[in-house]
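The primary structure of each chain is shown beneath.
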Amino acid sequence: MTKGEVADVVVVGGGPAGSTVSTLLKLEEPSLRVTLLEKASFPRRRVGEALLPESGRILARMGAVNRIDAAGFLRKGGATFHWKPGNSPFTESFARAPGLYEDELGRRVPRHSWHVVRSVYDQILLDRAREVGVDVRCPARAKRPLTADGRVVGVTYDDAQGGAARLDSRWVVDCSGPARFVGRGLALPVTDSELGDLALFGHYRGFRWDEDLFGTPMLCRTFITVTPHGWAWLIPISEDVISCGLVTRRSVLGDALDPQTLLQSELQDTPHAAAVLEGATLCPEPGAVPPAKVHTVRNWCVRHTRSAGAGWYLAGDASGFVDPILASGACVAHSTGLAAANAVLTELRHPEIAPEELWAAHGDYSETLWRGFQVMARWWYERRDEGLEGWSSVAAKLLSETRGAVFSSDQEAFGAVIAGYLADHRLGDLGLGFGATGLRQVFAGLGQEELLAGLGADTDRRARVRRRDDLVLSEEGYLATDVDSSRWWRLAAFKLEFGGKTQVYRPSLPLTHRDDDGLKRTSAIVQAVVENADGTRDVERLVSWVKAAVGAHPDERFSHHMANATILHLVRLGALETAGD
């Protein structure tokens, strides 16, 4: 076995999670020696062509958006669902219009996602990792993690020639997908989901484009429908080729049917799918050589109960995957990859944060994603006959409980979930979410007019603000990270107890003030708002009192902005009440 090779970070797996981790590490810290091991020769086949727009911010940070947008993939603007027999399909569009926009850091970020060919998509991302200096070894099959004194210290692997080799490292990030390289190697406990456990999928050429189901080729949608024994996805990959898949139970396949017969039978027994596929023929997936084939994936609903430890992190499907109903796989891969990269950088640069806290925070974030998407998927399997209203209320309750997010309607919350915002790191420290004017209010500054408009149409400048008589406020701390920074932060959270219920408020904080002084001042502003909201002061006077209470700040806009935002958030959460003169 070859000895003597050393890396700072070994990333196992070259899919979206692995490319995300390795690219972000090299972009942020070029001196890091990052080696990526991928067992397959690229391009490779992978299922999962529908992406969510939340991934766009991470792709922008990776410097990959323009490459993906230029690859010719169809742009995705939402999803169409059909499950209740006799009812018409219903469509949920992503909240933002198609095209690109500049985010608060000036990056070009898509307001849409894409229907991608995964072999092409994964190749684009892996090439980007190589371009920024990642040592990509492909094919190279990781064999087992190496441990010493309770810490993972490297891996053994087979190189491109099949020879055994060893690579020592400070960290190993497992992005190996269902292979779960570190999880299996360390015998980490798993938790199983009892949702669908068999997927069959293939590609068909010559389908009929139905705009009611798919939108237009300029901005298309995924179509999800029930079938006699499960549910199916239909995802246009081009104007001529469509990806079709069936999610069901292994027992349905049994010994009597082959995968192709079962898939085609289920699609033909589903009216909308049958009409779309009339005259279409099974074809090889884009970029593959004949013959055409229906592929099978089994047993994906597994999650490790730990996602980080001494010398190791899990990201993507290696940590856990629930179900494809919400097309969350790539979004979770990018999001947990970002979290793992930022955790490694935090361990490297910020010794004041204990590694054990980071491991727990990374695990909590991964667990929140897995359980959140599982809640949404479970409702689909168990209660889909109730219609869209039931699913929307589940989405609103989920985002309120896991992110402290308040939306103007359940439908708006549902739209946020299907766009991937459950994975949004910013939701962890907003307290408002994407309701009403959303992030523009929080990050672009909140003026007096916007504040009063946000408090309600009947509220004028003389609106007085008072805390609820039974409000109890207590401060807690938590670790969080986001796409706009390269580390995990210790942020403030407030437990609000009133009316027999408990809510968590996590104040927003402008990126330019995410430092020790900004964090302390934010906590002081929240406490000052609550203490001085006694019903005798209108909004304008309350903001002035709060600014005086916390003291002068070199950036006058910061305290003014934070006081305004805090009042608005606490009113929307129900902890403060307003009344006009």
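We now turn to the structure provided with this report. All residue numbers refer to position in the chain's written sequence, counted from 1. Local features in this predicted model are restricted to residues of pLDDT 70 or higher, and side-chain atom pairs are both shown and tallied only at a pLDDT of 80 or more, whereas totals for entire chains, interfaces and linings draw on every residue. Excluding hydrogens and water, the side-chain figures rest on all heavy atoms present in the structure.

**Focus: the environment of D534**
Reasoning step 1: Helix numbers and strand numbers start at the N terminus; a helix is a DSSP run of H or I with at least 4 residues, a strand a run of E with at least 2. With respect to the secondary-structure elements, D534 resides in strand β27 (residues 534-538).
Reasoning step 2: Once the C-alpha coordinates of D534 and R466 are considered, the two residues, 68 residues apart in sequence, prove to be 4.6 Å apart.
Reasoning step 3: Setting aside chain neighbours within four positions, we find D534 in contact with V465, R466 and R467.
Reasoning step 4: Two N or O atoms form a polar contact when they lie within 3.5 Å of each other; inside protein one atom must be a possible hydrogen donor and the other a possible acceptor, and for residues adjacent in sequence the pair counts only when both atoms belong to side chains. Only 2.7 Å separates the side chain of D534 from the side chain of T536, close enough to count as a polar contact. In what follows, a contact means two residues having at least one pair of non-hydrogen atoms within 4.5 Å.

**Concerning the sheet that holds strand β24 (residues 472-481)**
Reasoning step 1: In spatial order, the strands read β24-β25-β26; together these three strands make up an open sheet with antiparallel pairing. Of all strands in the sheet, those bounded by a partner on one side alone are β24 and β26 (501-505). This sheet shows a mean twist of 25 degrees between the axes of neighbouring strands, independent of strand direction.
Reasoning step 2: Two elements, β24 and strand β25 (residues 488-498), share 10 bridges in a ladder whose sense is antiparallel. By the bridge assignment for β25, S474 is matched with K495. Pairing between strands is defined by DSSP: at least two bridges between the two strands are required. Inter-axis angles, ranging from 0 to 180 degrees, are taken between N-to-C directions of lines fitted to C-alpha atoms, where helices are fitted over the stretch in contact.

**Comments concerning the packing of helix α2 (residues 55-62) against helix α10 (residues 329-349)**
Reasoning step 1: In the contact formed by α2 and α10, the axes pass within 9 Å of each other and the chain directions differ by 50 degrees. Between α2 and α10, the crossing angle belongs to the class labelled oblique. Relative to α10, α2 is oriented so that their crossing is left-handed. Within the contact between the two elements, α2 uses S55, I58, L59, R61 and M62 and α10 uses A330, C331, H334, S335, L338 and N342. Orientation is classified from the angle alone, with under 35 degrees giving roughly parallel, over 145 giving roughly antiparallel, 65 to 115 giving roughly perpendicular, and any other angle giving oblique. Each crossing is labelled by how the near helix is turned from the far one, with a counterclockwise turn of less than a right angle marking it left-handed and a clockwise turn marking it right-handed.

**Regarding unusual backbone geometry**
Reasoning step 1: In this model, F42 is joined to P43 through a cis peptide bond whose omega is -5 degrees.
Reasoning step 2: With respect to the element layout, P43 can be found in the loop between β2 (34-37) and α2.
Reasoning step 3: The step from C138 to P139 runs through a cis peptide bond, and the omega angle for that step is 5 degrees.
Reasoning step 4: The residue P139 is located in the loop between β8 (135-137) and β9 (141-148) in this model.
Reasoning step 5: In this model, D149 sits at a positive phi of 55 degrees, which is unusual for a non-glycine residue.
Reasoning step 6: Looking at the secondary structure, you find D149 in the loop between β9 and β10 (151-158).
Reasoning step 7: Its identity is not glycine, yet A327 carries a phi of approximately 55 degrees, on the positive side.
Reasoning step 8: Along the chain, A327 turns up in the loop between β22 (312-314) and α10.

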